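Secondary and tertiary structure notes
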Amino acid sequence: MSTTEVAPPPGSVLDVSQDNASLRRFLHGLPGVDQVGAEARAAMLATRSIKSSAKAWAIDTAIRMVDLTTLEGSDTPGKVRSLCAKGRRPDAADPSTPSVAAICVYGDRVDVAVEALHGSSVQVAAVATAFPSGRVALQTKLLDVVDAVEAGAGEIDMVIDRAAFLAGDYLSVYEEIVATKLVCGDAHLKVILETGELVTLDSVRRASWLALLAGGDFIKTSTGKISPAATPPVALVMLQAVRDFAALTGDVRGVKLAGGIRTTKEAVRYLVMVNEVAGDRWLSPATFRFGASSLLNDLLQQRHKLSTGAYDGADYVSVD
Amino acid sequence: MPDMKVFEYAPAPESRDIARLKPTYGVFVDGQFRPGRGEPVKSINPATEEALAEIQEADASDVNDAVSAARRAYDSGWSKLAGTQRAKYLYRIARVIQERSRELAVLETLDNGKPIRESRDVDVPTAAAHFFDYAGWADKLAYAGFGPNPHPVGVAAQVIPWNFPLLMAAWKIAPALAAGNTVVLKPAETTPLTAMTLAEIIAECELPPGVVNILPGGPSVGQSLVDHPGVDKIAFTGSTAVGKQIQKSVAASGKRLSLELGGKAANIVFDDAPLDQAVEGIVNGIFFNQGHVCCAGSRLLVQESIADVFISALKDRLQTLRLGDPMDKNTDIGAINSAAQLGRIRVLADAGEAEGGQRWSPDCPLPERGFWFPPTIFTDVGPASRIAREEIFGPVLSVLTFRTPQEAVDKANNTPYGLSAGIWTDKGSRILWMANKLRAGVVWANTFNRFDPTSPFGGYTESGFGREGGRHGLEAYLDV
Amino acid sequence: MSDRLDVRKTYKLYIAGAFPRSESGRSYPVSGAGDTVLAHAAQASRKDVRDAVSAARKAFGGWSGATAYNRAQVLYRVAEMMEGRREQFIAEVLAGDGGTRDAAATVVDAAIDRWVWYAGWADKYAQIAGGANPVAGPYFNFSVPEPSGVVGIVAPQQDSLLGLISVIAPALTTGNTVVVLAATDRPLAAITLSEVLATADLPGGVVNVLTGYVAELAPWLASHRDVNCLDLTGVAAADRVPLAVAAADSVKRVHSPGERAGIGLDEPGLARLAAFVEIKTVWHPLGV
């Protein structure tokens, strides 16, 4: 038996997280992103013309990918129950309309949502970790997560510490995600990068990899509280990150776009981007989501248009 | 989980009716549309091989009429017309091209075979932009830096290729008219239709008769035009072989000449490049317009340290290219322009294989009718092989590797051509160093195949001489 | 009167910074304005053309890569060196071209001043001929003139000094290297100028001067595929066509000006600078 065989190199990409310097070397060793080129690619994909049967498929797929969201201080139990009803059955007049993927609420409304969605396929997602700023102590963030998970949330949307990221303290960001993942238990973890605060696409790429390395099940663009939120170039870079991560590790993670996506046209363009950049295996609610509120009604109106041939009006879909 | 059917895009074809095809097209001479006296030919849709229209081509007597008309128009007023007035004619043309842009785009795609997305988003808007930009020069020539009192040259003979039919017409006609010349333009034999619609637009804009004359026809019409003693200036875009013939036929004749010829551009990817954008740049560089682009990045020079990973990413990307009906708004790769061009591409691609290159194309079924060639990559290409040296003018990429920046420069410059080059790296100082060393008229760094009316375009060495675009593009049409 | 015998100069070629005889071993008699034989000049051959082109190509990288400021100083240095040999040049122009001493002095002074004029252009022409282009998109785009490469020149047959300098100086100013065929019947000033060039910090091979018969040598220069440009100033209009046809085989830039354009006493203008440059345009995205 040969003894000259060298131990396999630390093949796990997780090894880059042994200290901040290692993480930094890894993240800064990723290929740069040329902003103009990325924007041009996104713009080209936006010219795809999706018609008839493809459009019908895309609309239903998009509905199934919606995390129907309400994140206001004024979210009463009644408001949340109403949203859950809409998510379960977006169009009472047409039972063929699929349900949304999840209802996304603050942690203290998880119990209401869990009850309202009982018996349906719709998941309950909770924003946590002192959403949206995340500017509290780690222990407080983790308690926030534990509360939501204990209340029955199946999905947790956490925020990263953008301040630490911008200050170059990648290890701190990484360790917070790892700690959060740990307390999530079986709940899926979506890691919000808040790309509007990271600004450059290079940072978006690095933050995406950081979140994937730390075990995030999804990387998510935004809280919806900062502008710009999801944009086509940001989505492009994040889709490339999950594509490349899967190629490297075999592990398929998801992308959630949140904030500012209001129309069917935008949603379909993003599905085209998923299809052509990441690949069709990502065209599933398991790996792609839209965090949105008003988008659902536009999808429903377009669905009506396809089935009736006539343009719809706002009074033909329900106000949420 | 739910069903995972593939996202099949339904056909999204443009309507052929928008092109307003006519059954026949003739010549445009002295402000009149009439049949040419040459042999009529059919203009073919290369995507379907169906005849689109009959072209009543010009012959030598039509050339004579057109040059005479251009001379009369030149002498009788156009060359003396106030620049402000010439400018307004050109602005009118720009505006009508914008107004009729969809019609022109559909017509171009029918006649040329290029995807509607490209004719709609590149060819037609850039053509309008050229007229708009040069319009503004017409009354500012004294400020163009070619002396205080520049004069027009006279009658300009312009011979253009089939790869960007309308856009090349705009590149040629706009600066010529702005500088006060009159024009006889010969579009390519396989793609005359948009030039004839441009003639309609010019008539509609009420340019004086004879200022622009357009003669569809084949090489013999081009030769008659180039040789005509009444011509003062010749502008040619096309192959290097024909360019050399033209240069010989006007040698020391006193006729001015500008040539925009072939290329074999290197697109150079360093290991620190923004790789996703570099992949896009390589794809855009060689597969834009089916590779029928003189400045196409037909040689990929990739740093050896990332060659495997880069080529793999490139192949993944090529799998997503959509080849097919050029009229479909989702088509990326259209038809090869003609049976003859398809034959040339096949010969060179076969030679590439015979010389040991590894040929690869994505799985992409070709339509049964029409002229088609799949996007193709050759690896293991020897530097001396034909596909590394000769212009293919088709969707065929030859991949070579390098180790150091100097080696990249040496290999990039190792060609008789010198039209364009691409550089992909995140290091600014290396970009400028490379840009300085590359012997090419246009250097795209971290981008490729960008065109703008203000940006001079043209080659070194056997890629031709003279520049088109911008202030520099006026020089060919001014006597200074 | 001294009975010392004068030491006469052997007029040779100037190739790659050296002064070889023709590889062919040939020479031809050069007569002055009278019929006296002034010297036996080297009669260059096609192989001398080949060697000169290869020397010019080899020198191109260094000369075109030198800073414009450096090229300006070298060209100015040529003027300085000529000034020091002003009397010699006057005597040589007088002997070769004839005319009066005053006329010869005027020509020599103009020739020296021409170097000064072009020297000043070396670090200015790029600003005149280049610039930023306002493209409609997120790109920075600029154009710069670059030297075309190796310029083959047939010098004017009459003005053996001012004519010669007027054709080589502009090509050098923008960074080209030169192979020049001196005036067949009046080659001596060209060789003396070569001696100046050799001592003026001009790197060897940047200018290569051949004496001999234009009709024999010019076709080799015109057809040489490693020559980028051909200046036919010294060829009579009637004889230009075959040379221009040969030049087309490698798409040379052919400068075929009026016989006196830019070579007389008047300020020459920019045409000769513009004739042998390529405009290079560079694009780069603007992004973060």
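Per chain, residue numbering runs from 1 following the sequence as it is written. Going through the entries in the order they are written, you letter the chains from A and number the ligands from 1. Restriction of local features to residues with pLDDT of at least 70 applies here, the model being predicted, together with a cutoff of 80 or more for giving and counting side-chain atom pairs; totals for whole chains, interfaces and linings are based on all residues.

**Some thoughts on the overall build of chain A**
Each helix corresponds to a stretch of at least 4 residues labelled H or I by DSSP, and each strand to a stretch of at least 2 residues labelled E; elements are numbered beginning at the N terminus. From N to C terminus, chain A includes 13 helices and 8 strands. Radius of gyration here is computed from C-alpha atoms only, and the compact-globule reference equals 2.2 Å multiplied by the residue count raised to the power 0.38. For chain A, whose C-alpha radius of gyration is 20 Å, the value lies close to the compact-globule estimate of 20 Å for 320 residues. Along the longest, intermediate and shortest principal axes, the C-alpha atoms of chain A span 70 × 45 × 45 Å. We call a residue exposed when 12 or fewer other C-beta atoms sit within 10 Å of its C-beta, buried when the count reaches 20 or more, and partly exposed for counts in between; the C-beta positions come from the backbone. For chain A, the proportion of its 320 residues judged to be buried stands at 54%. We call two residues in contact whenever the C-beta atoms placed from their backbones are within 7 Å. Considering only contacts within chain A whose residues lie at least 6 apart along the sequence, 74% involve residues at least 24 apart.

**Some remarks on the overall build of chain C**
Looking only at helices and strands, chain C has 10 helices and 10 strands in total. Computed over C-alpha atoms, the radius of gyration of chain C comes to 20 Å, within 12% of the 19 Å expected from 2.2 N^0.38 for 288 residues, which places it in the range of a compact globule. Across the 288 residues in chain C, those meeting the buried criterion constitute 54%. In chain C, the proportion of contacts linking residues at least 24 apart, taken out of those at least 6 apart, comes to 74%.

**Some words on the sheet that holds strand β12 (residues 266–269) of chain B**
Pairing between strands is defined by DSSP: at least two bridges between them are needed. Ordered by their spatial adjacency, 10 strands build an open sheet running β14(B)-β15(B)-β16(B)-β13(B)-β12(B)-β17(B)-β18(B)-β10(C)-β4(C)-β3(C), and the pairing between neighbours is mixed. The open sheet is flanked by β14 (358–360) of chain B together with β3 (131–132) of chain C, the only strands paired with a single partner.

**Here we look at the interface of chain C and chain B**
Facing 28 residues of chain C, the contacting portion of chain B comprises 34 residues. Elements with a minimum of two residues in the side of chain C that touches chain B: β4 (139–147), α9 (240–248) and β10 (277–285) of chain C. Among the elements that take part in the side of chain C that touches chain B, β10 of chain C stands out by supplying 8 residues, more than any other. For the side of chain C that touches chain B, the per-class residue count stands at 14 nonpolar, 9 polar and 5 charged. Under the scheme applied here, ten amino acids are nonpolar (Ala, Val, Leu, Ile, Met, Phe, Trp, Tyr, Cys and Pro), four are charged (Asp, Glu, Lys and Arg), and all others, including Gly, are polar.

**Quick look at the packing of helix α3 (residues 52–64) of chain A against helix α13 (residues 295–308) of chain A**
For any two helices packed against each other, the geometry comes down to the angle between their axes and how far apart the axes lie. Residue and element names in this part refer to chain A. Axis lines are fitted to C-alpha atoms, over the contacting stretch for helices. Their N-to-C directions set the angle, which ranges from 0 to 180 degrees. Running from amino to carboxyl end, α3 crosses α13 at an angle of 150°, the nearest separation of the two axes being 10 Å. Overall, the two elements α3 and α13 adopt an arrangement that is roughly antiparallel. Seen from above, α3 lies across α13 with left-handed handedness. In contact with K55, A56, I59, A62 and I63 of α3, α13 contributes L296, L299, Q302, R303 and L306. Looking at the contact of α3 with α13 residue by residue, the classes come out as 7 nonpolar, 1 polar and 2 charged. Relative orientations are named as follows: roughly parallel for angles under 35 degrees, roughly antiparallel for angles over 145 degrees, roughly perpendicular for angles from 65 to 115 degrees, and oblique for any other angle. With the far helix as reference, a near helix turned anticlockwise by less than a right angle produces a left-handed crossing, and one turned clockwise produces a right-handed crossing.

**Things to note about the environment of S99 of chain A**
Topologically, S99 of chain A is positioned in the loop between α4 (77–88) and β2 (102–106). Residues S99 of chain A and A85 of chain A, 14 residues apart in the sequence, show an inter-C-alpha distance of 9.8 Å.

**A few points about helix α13 (residues 405–413) of chain B**
Residues and elements named next belong to chain B. Looking at α13, one finds that the buried residues are A408, V409 and A412. One side of α13 carries all its buried residues, which in axial view fall inside an arc of 100°. Those residues of α13 that are exposed and aimed more than 90 degrees away from the buried face are Q406 and D410. If you follow the buried residues of α13, they end up packed against β12, β13 (299–303), β16 (396–402), β17 (420–424) and α14 (428–437). Think of it as the arc spanned by the lines of direction from the helix axis to the C-beta atoms.

**Comments concerning the environment of A211 of chain A**
All names here are of chain A. Its place among the elements puts A211 in helix α10 (residues 201–213). Along the sequence, A211 and G185 sit 26 residues apart, while their C-alpha atoms lie 17 Å from each other. If sequence neighbours within four positions are ignored, A211 has contacts with I160, I177, V191, L193, G216 and I219.

**Let's talk about α13 of chain A**
Residues and elements named next belong to chain A. Expected span, for any helix, means 1.5 Å times one less than how many residues it has. In this model α13 runs 20 Å from its N-terminal to its C-terminal C-alpha over 14 residues, within 8% of the 20 Å that 1.5 Å per residue would give. Considered for burial, the residues of α13 that qualify are L295, L296, N297, D298, L299, L300, Q302, R303 and H304. In the segment just after α13, G309 is the residue with positive phi, at about 85°.

**A short note on the nonpolar core**
Across soluble globular proteins, nonpolar side chains show a tendency to be buried alongside one another. Each nonpolar core comprises buried Ala, Val, Leu, Ile, Met, Phe, Trp, Tyr and Cys residues, the members being joined through C-beta atoms within 7 Å. Residues L90 of chain B together with L161, L164, I168, V180 and L181 of chain C are the most contacted members of the largest nonpolar core, which totals 262 residues. It is helix α5 (residues 165–178) of chain B that provides the largest number of residues to this core, a total of 11 residues. Non-local contacts of L181 of chain C, meaning those with residues more than four positions away in its chain, are made with I153, V154, A155, L210, V214, L217, A218 and L221 of chain C. Listed in part, the 103 residues of the second largest apolar core include W57, V105, V145 and A211 of chain A.

**A short note on the interface of chain A and chain C**
On the chain C side, the residues contacting the 5 residues of chain A number 5 residues. Partitioned by chemical class, the residues of the side of chain A that touches chain C number 1 nonpolar, 3 polar and 1 charged.

**Observations concerning the sheet that holds strand β6 (residues 177–181) of chain C**
All names here are of chain C. Across the sheet, which stays open at both edges, the 5 strands sit in the order β7-β6-β5-β8-β9 with parallel pairing between neighbours. In the strand order of this sheet, the two ends are held by β7 (207–210) and β9 (253–255), each with one partner. On average, each strand axis in the sheet is tilted by 15° relative to the strand beside it, whichever way the strands run. Of the strand pairs in this sheet, β6 and β7 are connected by 4 bridges, and their pairing is parallel. Note that in β7 the partner of L181 across the bridge is L210. Sitting on the sheet, helix α1 (residues 46–65) touches β5 (150–154), β6 and β7, and the angle it makes with β6 is about 155°. Its contacts with the sheet put helix α6 (residues 162–173) on β5, β6, β7 and β8 (229–231), and the angle it makes with β6 is roughly 160°.

**Comments concerning unusual backbone geometry**
That bond from F131 of chain A to P132 of chain A is cis: its omega, 0°, falls within 30 degrees of zero. Here P132 of chain A shows up in the loop between β3 (123–127) and α6 (138–150). Following S227 of chain A, the chain continues into P228 of chain A via a peptide bond in cis, with omega recorded as 0°. Positionally, P228 of chain A belongs in the loop between β6 (218–220) and α11 (232–249). For E49 of chain B, which is not glycine, the phi torsion reads 65° and is therefore positive. Inspection of the secondary structure puts E49 of chain B in the loop between β4 (40–44) and β5 (51–56). By the C-beta count within 10 Å, which is 12 here, E49 of chain B ends up exposed.

**Topic: the confidence of the model for chain A**
Every residue carries a pLDDT, the predictor's confidence in it, which falls somewhere between 0 and 100. Averaged over every residue, the pLDDT of chain A is 94; the share at 70 or more is 96%. Considering only residues more than four positions removed or in separate chains, one finds that residues 1–11 of chain A, a stretch of pLDDT under 50, has 1 contact.

**Focus: the pairing of β5 of chain C**
The two faces of the sheet receive side chains in turn, since in a regular strand these alternate between them. All names here are of chain C. Counting buried residues along β5, 5 of its 5 residues qualify, which places the element largely inside the surrounding structure. Because side chains alternate across β5, one face comprises the buried residues V150, G152 and V154, and the other comprises V151 and I153, equally buried. Two strands pair when backbone bridges link them, and β5 and β6 are joined in this way by 5 bridges, in the parallel orientation. The residue of β6 that forms the bridge with V150 is T177. Note: β5 against β8, 3 bridges, orientation parallel. Paired with I153 across the strands is D231, a residue of β8.

**Regarding the pairing of strand β7 (residues 254–258) of chain A**
Residue and element names in this part refer to chain A. Among the 5 residues in β7, 5 count as buried, and that is most of the element. Residues G254, K256 and A258 point to one face of β7 and V255 and L257 to the other, with burial holding for every one of them. Strand direction decides the pairing type here: β6 and β7, joined by 3 bridges, are parallel. Across the sheet, the residue bridging to F218 is G254, located in β7. Look down the strands so they point away from you; if the path from the first strand over the helix to the second goes clockwise, the crossover is right-handed. On the question of chirality, the crossover connecting β6 to the parallel β7 by way of α11 is right-handed. Handedness of the crossover is the feature at issue here: the chain leaves β7, passes through helix α12 (residues 264–278), returns alongside strand β8 (residues 288–292), and the resulting connection is right-handed.

**Concerning the confidence of the model for chain C**
Close inspection of predicted coordinates is inappropriate in any region flagged by low pLDDT. Considering every residue of chain C, the mean pLDDT works out to 95; 100% of them sit at 70 or more. Under the prediction, the complex receives an ipTM of 0.96, its pTM being 0.95.

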